[in-house]
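Residue-level structural notes
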Amino acid sequence: MGVLPVPAEVRAILLDIEGTTTPIAFVQETLFPYIKDNVKEYLRAHWEEEECQRDVGLLRKQAQEDSSLDGAVPIPLETGSGEEELERVIQAVVDNVHWQMSLDRKTTALKQLQGHMWRAAYATGLVKGEIFEDVVPAIRKWREAGMKVYIYSSGSIEAQKLLFGYSTEGDILELFDGHFDTKIGPKVESESYRRIAASIGCATNNILFLTDVPREANAAEEADTHVAVVIRPGNAGLTDDEKSYYSLISSFTELFLPSST
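The following paragraphs examine the structure supplied in this document. Predicted, not measured: the structure shown is a model, and the values here were computed from it. (Residues numbered from 1 in each chain as written. Predicted model: local features only at pLDDT ≥ 70, side-chain atom pairs only at ≥ 80, totals over all residues. Heavy atoms only, no water.)

A word on the environment of Asp-181. Residue placement: Asp-181 occurs in the loop between β4 (178-180) and α7 (190-200). Counting along the chain gives 23 residues from Asp-181 to Glu-158, while the straight-line C-alpha distance between them is 9.3 Å. At 3.0 Å, the side chain of Asp-181 and the backbone nitrogen of Ile-157 are in polar contact. Only 3.0 Å separates the side chain of Asp-181 from the backbone nitrogen of Lys-183, close enough to count as a polar contact. (Helix = DSSP H or I, 4+ residues; strand = E, 2+ residues; numbered from the N terminus. Polar contact = N/O pair within 3.5 Å; in protein donor to acceptor, adjacent residues only side chain to side chain.)

Structure below.
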C-alpha cells in the first residue's frame, strides 16, 4: 500500500459503506443490535401504520420464498383482531427478523424494515453514523477534481442517507451524486455494476469501486470496473493471493487522481 494512481479513464468513484467509509464495528455493535433489541417495541408502536404494514407484507412474502430453508420462520396472516392474535403475529415477525439477521441476510424486506427503524433512531439522536476521518476530506478533494461520487451498499438507500445525513461529521449527503442498493442487483454479481454504469451514464471502466469484500471486487472487475480493496481496522483478513492480486489502500488519501497536483 502507499499511493495508488487512479486510471485516467475513471470519472466516478463508487463506495461501499461497511468496512470502507464506516467501521464494521459501528454496523455490528451499534446498528444491528439496535434492531434486535427494539424490533418488537417498534412493531407494537407502529403496527397500524401503512408503512409498517408494507414492511410486514414484504417480510411475509420473503418468508414464503424462504420456506424451504432450514430454520425459516413463517409469518402468519392475522386471522382475528384480538390482542393475543396480534402478539402471535408480531412475535413471528420478530423471530423472522432475528433469524434473517443471524444468517446476515441481505434481503430487501429485511433492509427496508431496518431502514425505517434506524430513521427513528437517527432522528431522535439515539444513533449517529460513524465515518472514518479520512473519508470526508478525500471526497471533497475528488469532487474538486471533477469526480462524481456514488454509494453502493447492501443497506437500503434510505439507511445510507440516514447514516450520512446524521453522521459524526454532520450532514454530508451533499458529497454524493447518488445512491444504489440491492434493488439494482446483488453486490456479488457483475451485472449489478453494468446497471450502475448505465444508470450513471458512463462505461463500467469509467468507475472505480472501493470495497473491503473481495467477492464484490471480483464481481465488479468481471464487469470491467476498476477496483481497489480497502483495508480498515476490524475488516476481515485477506488471503495472500488476494493481497497480491488486488490493489489495496488503507485510507482514501492514498488514491492519487490524474488531475491532482
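That shown, we press on.
With that out of the way, let us pick up the pattern of salt bridges. As enumerated under the stated definition, the model contains 14 salt bridges in all. Note that Arg-44 and Glu-87 form a salt bridge whose closest N and O atoms lie 2.8 Å from each other. Separated by 43 residues along the polypeptide, Arg-44 in helix α1 (residues 24-46) and Glu-87 in helix α3 (residues 83-102) bring together distant segments of the chain. According to the relative accessible area criterion, Arg-44 is partly exposed, its value standing at 47%. Taking relative accessible area as the criterion, Glu-87 reaches 24% and is therefore assigned partly exposed. Two residues, Asp-104 and Lys-106, come together in a salt bridge whose shortest N-O distance is 3.4 Å. With relative accessibility at 34%, the residue Lys-106 sits in the partly exposed group. One connected set of salt bridges, linked through shared partners, spans Asp-16, Lys-187 and Glu-216. (Salt bridge = Lys/Arg side-chain N within 4 Å of Asp/Glu carboxyl O. Buried < 20%, exposed > 50% of the residue type's maximum accessible area, 1.4 Å probe, protein only.)

By themselves, these observations are geometric and do not establish any function.
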